[in-house]
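Observations on the model geometry
Chain residues, written in single-letter form:
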Amino acid sequence: MPEARAGEAAEPARGERKSPGERTDGARAPEGPSPAAPAGQGADGDPGAGAGRPRRRQARGEARIAQLLDAAADVFSVSGYNGASTNAIAREAGVSPGTLYQFFPNKEAIAVELGDQLMHRWRETYGAAFVVSHLELPLDRLLDAVLDPLIAFNCENPAFAVLTHGSEIPGVISREHDALHATMLSRTEQLLATYLPEVPADRIARIAAMSFVLFQAGLDLVMSHEGAERDAYVTELKAVMYRYLEPLACDRPDTGTRAAKDTP
């Protein structure tokens, strides 16, 4: 892909967004089309830019940022955060290091921007999985409905695990991930309390915490394999979760039966 032209307005790094109409040299760009531009064109000669359409330069800048973040995700997945470099990311993206620095000042800024995007998508994923309507399903189908999208997201975005685990990652990502984990744990407790109304709140909290640990351990095994072996580990993970929760599910008032033995 051709590199950005000299003088092209680059998107500033995260935390350094320019206000509308502000140029990278700090001067204020004129509002609306240039007097010298033909009618219907913006100041850069883009037909329709003066009519409210996004400028081509902005579109190119956003496309370049997406290209660099996709490349960073691949590099982080293979090399880890410490092993990655801006040169490797630029090489993966097919651009020069100079082009990368037009958009991001360093590797940390790239990681923070990518981490923000991935955590936003993770919130959407678990938000769609952890819904009350799923509690009406039999336990095996409930586990499918909740676990399948979570597993799929992590398998499709291996950089997410790299950027949310480890002492070397930027602190802002760690803090956001910790807050996200707490939110997910709280949501899990709420759903379990609805699903198991007769179980005391303190035990619900322990069940939620244990379920999280079981899922994370199983997910690590799932992601360390490929193809049919990965599918087999997904099946094993669901079996573990089912066997842990099934005695509790049998104790639900609406099942009409009681389990012969509860979990300790």
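Heads up: the structure comes first, above all this text.
Notes on the structure follow. Given the structure is predicted, the values throughout are model-derived calculations rather than measurements. (Residues numbered from 1 in each chain as written. Predicted model: local features only at pLDDT ≥ 70, side-chain atom pairs only at ≥ 80, totals over all residues. Heavy atoms only, no water.)

The helix and strand tally for the protein chain stands at 9 helices and 0 strands. Taken from N to C terminus, the helices and strands of the protein chain fall in the order α-α-α-α-α-α-α-α-α. Looking at the protein chain as a whole, 40% of its 264 residues are labelled buried. Within the protein chain, counting contacts between residues at least 6 apart in sequence, those at least 24 apart form 61% of the total. Entry remark: accessible area of the protein chain is about 14,500 Å², with carbon and sulfur atoms responsible for 54%. (Helix = DSSP H or I, 4+ residues; strand = E, 2+ residues; numbered from the N terminus. Buried < 20%, exposed > 50% of the residue type's maximum accessible area, 1.4 Å probe, protein only. Contact = heavy atoms within 4.5 Å. Areas by Shrake-Rupley, 256 points an atom, 1.4 Å probe, with all protein chains shown as cover.)

Let us look at the nonpolar core. Counting 66 residues, the largest nonpolar core has Phe-76, Phe-104 and Leu-114 as its most contacted members. At 10 residues, helix 4 (residues 107-129) tops the list of elements feeding residues into this core. (Core = buried A, V, L, I, M, F, W, Y, C linked by side-chain atoms within 4.5 Å.)

Quick look at the pattern of salt bridges now. What the rule picks out here adds up to 5 salt bridges. Between Asp-144 and Lys-238 there is a salt bridge, and its shortest N-O distance comes to 2.8 Å. Of the two residues, Asp-144 is situated in helix 5 (residues 139-156) and Lys-238 in helix 9 (residues 227-250); the sequence distance between them amounts to 94 residues. According to the relative accessible area criterion, Asp-144 is partly exposed, its value standing at 30%. Arg-230 is paired through a salt bridge with Glu-226; the nearest N and O atoms lie 3.6 Å apart. Linked through salt bridges whose partners overlap, the residues forming this network are Asp-144, Asp-148 and Lys-238. (Salt bridge = Lys/Arg side-chain N within 4 Å of Asp/Glu carboxyl O.)

Contact geometry for helix 4 and helix 5: axes closest at 8 Å, N-to-C directions at 165°. In terms of their interaxial angle, helix 4 and helix 5 are classed as roughly antiparallel. Regarding helix 4 and helix 5, the two cross each other, and that crossing is right-handed. Contacts between helix 4 and helix 5 involve Leu-118, Arg-121, Trp-122, Thr-125, Tyr-126 and Ala-129 from the first element and Ala-145, Val-146, Pro-149, Leu-150, Phe-153 and Asn-154 from the second. When grouped by side-chain class, the residues that make up the contact of helix 4 with helix 5 number 9 nonpolar, 2 polar and 1 charged. (Axes fitted to C-alpha atoms, helices over the stretch in contact; angles between N-to-C directions. Parallel < 35°, antiparallel > 145°, perpendicular 65-115°, else oblique. Left-handed = near helix turned anticlockwise from the far one by under 90°. Nonpolar A, V, L, I, M, F, W, Y, C, P; charged D, E, K, R; others polar.)

What follows covers helix 5. Along its 18 residues, helix 5 runs 26 Å from first to last C-alpha, staying within 8% of the 26 Å computed at 1.5 Å per residue. The largest bend in helix 5 is about 30°, located at Leu-147, with the proline Pro-149 one to four residues further on. Those residues of helix 5 that fall on the buried side of the exposure criterion are Leu-139, Leu-142, Leu-143, Val-146, Leu-147, Leu-150, Ile-151, Phe-153 and Asn-154. Of the surrounding elements, those touching the buried residues of helix 5 are helix 4, helix 6 (158-164), helix 7 (171-195), helix 8 (201-223) and helix 9. (Expected span 1.5 Å × (residues − 1). Bend = angle between axes of the 7 residues up to and from the residue.)

Look at helix 9: 34 Å from first C-alpha to last across 24 residues, which is about the 34 Å you get at 1.5 Å a residue. Along its length, helix 9 shows its largest kink, about 35°, at Tyr-244, and proline Pro-247 lies within four residues downstream of that point. Of all the positions in helix 9, only Arg-230, Val-234, Leu-237, Lys-238, Ala-239, Met-241, Tyr-244, Leu-245, Pro-247, Leu-248 and Ala-249 are classed as buried. The secondary structure elements touched by the buried residues of helix 9 are helix 5, helix 7 and helix 8.

Using the criterion set out here, one finds 5 aromatic pairs in the structure. Ring geometry for Tyr-126 versus Phe-130: centroids 6.1 Å apart, planes at 75°, classification edge-to-face. Just as Tyr-126 is buried, Phe-130 falls in that class too. An aromatic cluster is built from Trp-122, Phe-153 and Phe-160, whose rings are joined through pairwise contacts. Lys-107 extends its terminal NZ or CZ atom over the ring of Tyr-81, reaching a point 4.4 Å from the ring centre. (Phe/Tyr/Trp six-rings, centres within 6.5 Å; stacked < 30°, edge-to-face > 60°. Lys NZ or Arg CZ within 6 Å of the ring centre and 35° of its normal.)

Right, let's talk about the side chain of Ser-211 for a bit. Tracing the chain through its elements places Ser-211 in helix 8. Residue classification places Ser-211 among the buried residues on the basis of a relative accessible area of 8%. Those residues in contact with Ser-211 that sit more than four places away from it in its chain are Met-241, Tyr-244 and Leu-245.

Below, the discussion takes up the environment of Asp-144. Separated by 15 residues in the primary sequence, Asp-144 and Ala-129 place their C-alpha atoms 9.6 Å from one another. Apart from residues no more than four positions distant in its own chain, Asp-144 is found in contact with Pro-149 and Lys-238. A polar contact of 2.8 Å, which involves the side chain of Asp-144, links it to the side chain of Lys-238. (Polar contact = N/O pair within 3.5 Å; in protein donor to acceptor, adjacent residues only side chain to side chain.)

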